[in-house]
Structure formats: C-alpha cells, structure tokens
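# Chain and residue survey
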Amino acid sequence: MGNIIKVQKGTKDILPQEMGLWYTMEDNARRIFTNAGYGEIRTPIFEATELFARGVGDTTDIVNKEMYTFEKSERSLTLRPENTAGVVRAFIENGMHRLSAPVKLWYKGPMFRYERPQAGRQRQFHQVGVEMFGIKDATADAEVIELAVSYLKSLGLNDLEVEINSLGCPNCRENFKTELKKVLKPYFNDLCEDCQNRYEKNPLRLLDCKVDSCKAIFEKPDVKSVIYGDFICEDCAEHFNQLKSYLDALGIKYTVNKLLVRGLDYYNRTVFEIKSNNLGSQNAVCGGGRYDSLVRNLGGVDTPAIGFAMGMERLYSLLQKKEPEKLTAYVVSTNQTEALKTVKYLRDNNISTDFDFAGKKFTKQMEKASKIAKFAVILGEDEIANKTVSIKNLETSHQVTVPQAELLNNL
Ligand code: HAM
C-alpha cells in the first residue's frame, strides 16, 4: 500500500453530517439578500494577479504574503483571497454602471489565503458577502450593516458586537498619517518589526497591531491624543454622524472603535466589523466598509460602493455551539393512525413536529417529548373518544385539554 495522501494544512473536508448548517447558512443568505434586492453573482476562483495587487493593495499582508499565485502561459494568476476585487472587475466588465443605481450583488464561495492556520483561520475558507454600488449617502452604509445584522439574527446569532469607524477620505487620511508618524517617531525603535515596516508603507495598519509592546505605545498620552483626536474632515464627519443616527433609528447597537482600520487598502470613510466573544483570537465573523475609489482605480466609471463579507467557517462554529432548537410539538399517542394524522396536520400548518414511530410506552414517549420539544400533544384513549387533545407545556408542566379543533390556538 502506498502512502496515504492527506488533506492539505489549513483546508478541510465538509462532510455530509455538517451539511445541515451549511445549507441553513446558504439558504438564509439567499432569502435575506434576495429580499433586500441583491442578485447573486458567481465570479471565477482565479483572476489576474494584478487585480488583487491593484485592488486589495500591494502593501497589505494579503497581497504580500498570503496569495496563491501561479503562472500559466506566461500569465500570472492568483486564487482569489477575497471577492470584492473580483466583483468590481465583473461590475466594470459587464457595464453594470449603466444599470440604475443601486446595483446590489451578493456571493458565496471559497477564498484562499496562505496564512498560518489556527482555530478560525484556514487557507481555504468560505465567505458569504454583499456589495452595493452607486450610492454615496450614509443610507447605503446603514442598509448594509443592517443586512449583516439581520442575516446573523436569522441564524439565531444575536449577541454579537458591531464595531464601526470612519477612515475619512484620502485628504483627511493623509493628514492623519502625517500626524501619526510624527507622534510615533520617538518610539520607532520600540515598535515591533512589522510595525517598523508599516510605518513607511502603510502607517494606518499600525493601529491594529496585536503585539503588546506596540499596544502600550498607542496608550501613551501623546500618541493617544492623535489616535483618538478628530482627524476626519467636516464632510466625512457629517457622513459618519448620519450613519450613527440611522443605526440608532434602526435599533442597532454599535461601538465606535478608533483602532479599527481593516486589512485591505481599498476602504475610505465607513469601516465595520462584527465580533463574537465565543471564537477566541480570530473573533471577527464579518468585515466590511466603503470603497468609493476602487471602481475608478480598476479602470471603471467612478462609482461609490460598500459591502461586507462573513467567514462561513466562523459562523459554522458559532452555530455548532448553540443549543439545538427544540421542536414545537411532539405527538404522544398509543394510536399510531391518530399520531400520523395529527403530525401531518401540524406540519401542514408549519408547526415543527415529530412522534414516536415505534409506538413505545406512554411514559417513554413523554420522556422523549420533554427532551426535544416545547409541547407534548397527547392523544390518549379518552382524548380520541371525546375528540379532544391534551397539550402539556413541557417547560411549565401546565396541561390543558381542549377540543381538537382548538389545537393550533393552544400551541
Ligand atoms: P476580510 O475582513 O478580509 O474582508 O474577511 C471577511 C471575513 O472573512 C472575516 O471577518 C473572517 O470572518 C473571514 N476570514 C478572513 N480570513 C479568513 C481565514 N483565513 N480563515 C477563515 N475565515 C477568514 C474581506 O474579505 C472584504 N472583501 C470584505 C468586504 C466586502 N469589504 C467590502 N466588501
């Protein structure tokens, strides 16, 4: 027998028993995004390397260290590390700027980054995301954040933290970078090696450094006053205030995190992340923001845009940790014909229901009911004879007997 060939580091098989949650993630995405007017787009898994170098930015870790790049017929190709650049390419190439704004697209599929694998971080992972083109107003930012929250809620994920920040426009950001470099200069030798490189190439990226000694420098009063000062210009501040007031009106809780800068270069103004406390260090389930210059930078007609992507493996692990949803009803009966009829009747009325196929003893059926359902729907001999049904609330143990016609009203 030859050597066994194993799955590659940082990649995984998704097995049949895991498919249920994957279908739920995909079905909910399709339902919720379609309902908000987003059409699905499927772009190729590999693209010209240049698309990502110009799109994501050639000072980012993603482009510098993490791309799977290969040559074919003297062309440099790259497995997509994310999908915003590809969607923008498709937007331009298919003349979608001629469609009436907003143009709303959503996608799902595998992405590839050559990262050091750890819990929640893979080399092949999946994203589900949306991109909206053509609207510069903060209403678009509010809709996109609301959509992300609604999608997570549809999966039963409620206790997540929404963080927002504004990176300003190229003008005000340049001033900020200059100020930041000035105040950090005396501390340059104490910065970690990565930050020393970022200092020249991409000073904004210093802010989300996870190294303790760097974090301590950002806490120094002089540095802090630059980071937490209001550097963004009046227009950008107005846009950010609008967004906050829309989120308040929508009842979406958020915190402003001035250190939130994101790992891709195309953003301006709004950036956001949604984080969970249940995921360890790789805690972001969703990342996104506005990228008003990207369409123009990739050769298209100047078009503002905003979007987000979520890591599906991270969603999966949150969903797995959740208690399984209980059924609404479990039909308990010693008469299998009555049980089958009642189960069908409840399911026809969209009530999740099951029963004991083998017709075990009454007490065994009740035990099972209390494990997996909220209500036991009991059809004993008396009930069947009197055309009634007993309904036991399995949390409170409260039980009522009502005419069968009133079953639905009592669940
Ligand atoms: P991103 O923050 O790089 O943004 O990725 C979005 C999400 O993908 C992350 O929050 C995380 O859940 C997941 N993710 C990223 N890398 C990995 C990995 N190695 N393993 C597992 N999950 C991962 C983007 O990709 C942007 N394109 C989002 C966007 C869309 N911005 C505007 N439109």
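Since we're looking at a predicted model, the values are computed, not measured.

What follows concerns the packing of helix H1 (residues 19-35) against helix H5 (residues 138-154). Following both chains from N to C, one finds H1 and H5 inclined at 140 degrees, their axes separated by 10 Å at the closest point. Regarding the angle of H1 to H5, the classification is oblique. For the crossing formed where H1 meets H5, the hand is right-handed. Contact residues: H1 offers Met25, Asn28, Ala29, Ile32 and Phe33, while H5 offers Leu147, Ser150, Tyr151 and Ser154.

Moving on to the site of the ligand. Close to the ligand lie 27 residues, the nearest being Glu82, Glu115, Glu131, Arg262 and Tyr267. Between the ligand and the protein, one listed contact pairs an oxygen atom with a side-chain N or O atom of Gln127 at 3.1 Å. Arg262 places a side-chain nitrogen or oxygen 2.8 Å from an oxygen atom of the ligand. Burial of the ligand by the surrounding chains reaches 95%, relative to a free accessible area of 660 Å². The set of elements that each furnish at least two residues to the shell around the ligand consists of strand E6 (124-133), strand E10 (284-290) and strand E11 (305-311). It is E10 that contributes the most residues to the shell around the ligand, six residues altogether.

Next up on the list: the environment of Ser317. If you trace the backbone, Ser317 turns up in helix H12 (residues 312-321). Classification of Ser317 by relative accessible area gives partly exposed; the value is 22%. Among the polar contacts made by the side chain of Ser317, one reaches the main-chain carbonyl oxygen of Arg314 at a distance of 3.3 Å.

Let us now look at the packing of H5 against helix H10 (residues 234-249). With their axes 9 Å apart at the nearest point, H5 and H10 run at an angle of 40 degrees to one another. Taken as axis vectors, H5 and H10 run oblique relative to one another. Where H5 crosses over H10, the two elements pack in a sense that is right-handed. Contacts between H5 and H10 involve Ala138, Thr139, Asp141, Ala142 and Ile145 from the former and His239, Gln242, Leu243, Tyr246 and Leu247 from the latter. Among the residues forming the contact of H5 with H10, the class breakdown is six nonpolar, three polar and one charged.

It is worth spelling out the nonpolar core at this point. Formed by 49 residues in total, the largest nonpolar core has its most connected members in Phe133, Leu184, Phe218 and Val223. Residue contributions to this core peak at five residues, all from helix H4 (residues 84-93). Of all hydrophobic cores here, the second largest spans 42 residues; its members include Val130, Val149, Leu243 and Met312.

On to the side chain of Glu115, then. Tracing the sequence through the fold places Glu115 in the loop between strand E5 (103-112) and E6. Here Glu115 falls in the buried class, since its relative accessible area comes to 18%. Of note is the side chain of Glu115, whose polar atom sits 3.4 Å from the side chain of Arg121. Dropping the residues within four chain positions of it, Glu115 is found in contact with Glu66, Arg121 and Arg123.

Right, let's talk about the packing of aromatic side chains for a bit. In total, this model carries 13 aromatic pairs according to the counting rule given. Ring geometry for Tyr68 against Tyr114: centres 5.7 Å apart, planes inclined by 90 degrees, an arrangement best described as edge-to-face. A residue pair is termed long-range when its members are at least 10 positions apart, and Tyr68 in the loop between helix H3 (61-65) and strand E3 (69-72) and Tyr114 in the loop between E5 and E6 qualify at 46 residues. When its relative accessible area of 28% is taken as the criterion, Tyr68 is described as partly exposed. Ring centres of Tyr266 and Tyr267 lie 4.8 Å apart, and the angle between their planes is 65 degrees; on these two criteria the pair is classed as edge-to-face. The residues Tyr266 and Tyr267 share a single accessibility class, namely buried.

Here is what the cut-offs are and how they apply
- Residues numbered from 1 in each chain as written.
- Predicted model: local features only at pLDDT ≥ 70, side-chain atom pairs only at ≥ 80, totals over all residues.
- Heavy atoms only, no water.
- Axes fitted to C-alpha atoms, helices over the stretch in contact; angles between N-to-C directions.
- Helix = DSSP H or I, 4+ residues; strand = E, 2+ residues; numbered from the N terminus.
- Parallel < 35°, antiparallel > 145°, perpendicular 65-115°, else oblique.
- Left-handed = near helix turned anticlockwise from the far one by under 90°.
- Contact = heavy atoms within 4.5 Å.
- Near = heavy atom within 4 Å.
- Polar contact = N/O pair within 3.5 Å; in protein donor to acceptor, adjacent residues only side chain to side chain.
- Areas by Shrake-Rupley, 256 points an atom, 1.4 Å probe, with all protein chains shown as cover.
- Buried < 20%, exposed > 50% of the residue type's maximum accessible area, 1.4 Å probe, protein only.
- Nonpolar A, V, L, I, M, F, W, Y, C, P; charged D, E, K, R; others polar.
- Core = buried A, V, L, I, M, F, W, Y, C linked by side-chain atoms within 4.5 Å.
- Phe/Tyr/Trp six-rings, centres within 6.5 Å; stacked < 30°, edge-to-face > 60°.

Coordinates in, geometry out; function isn't part of it.
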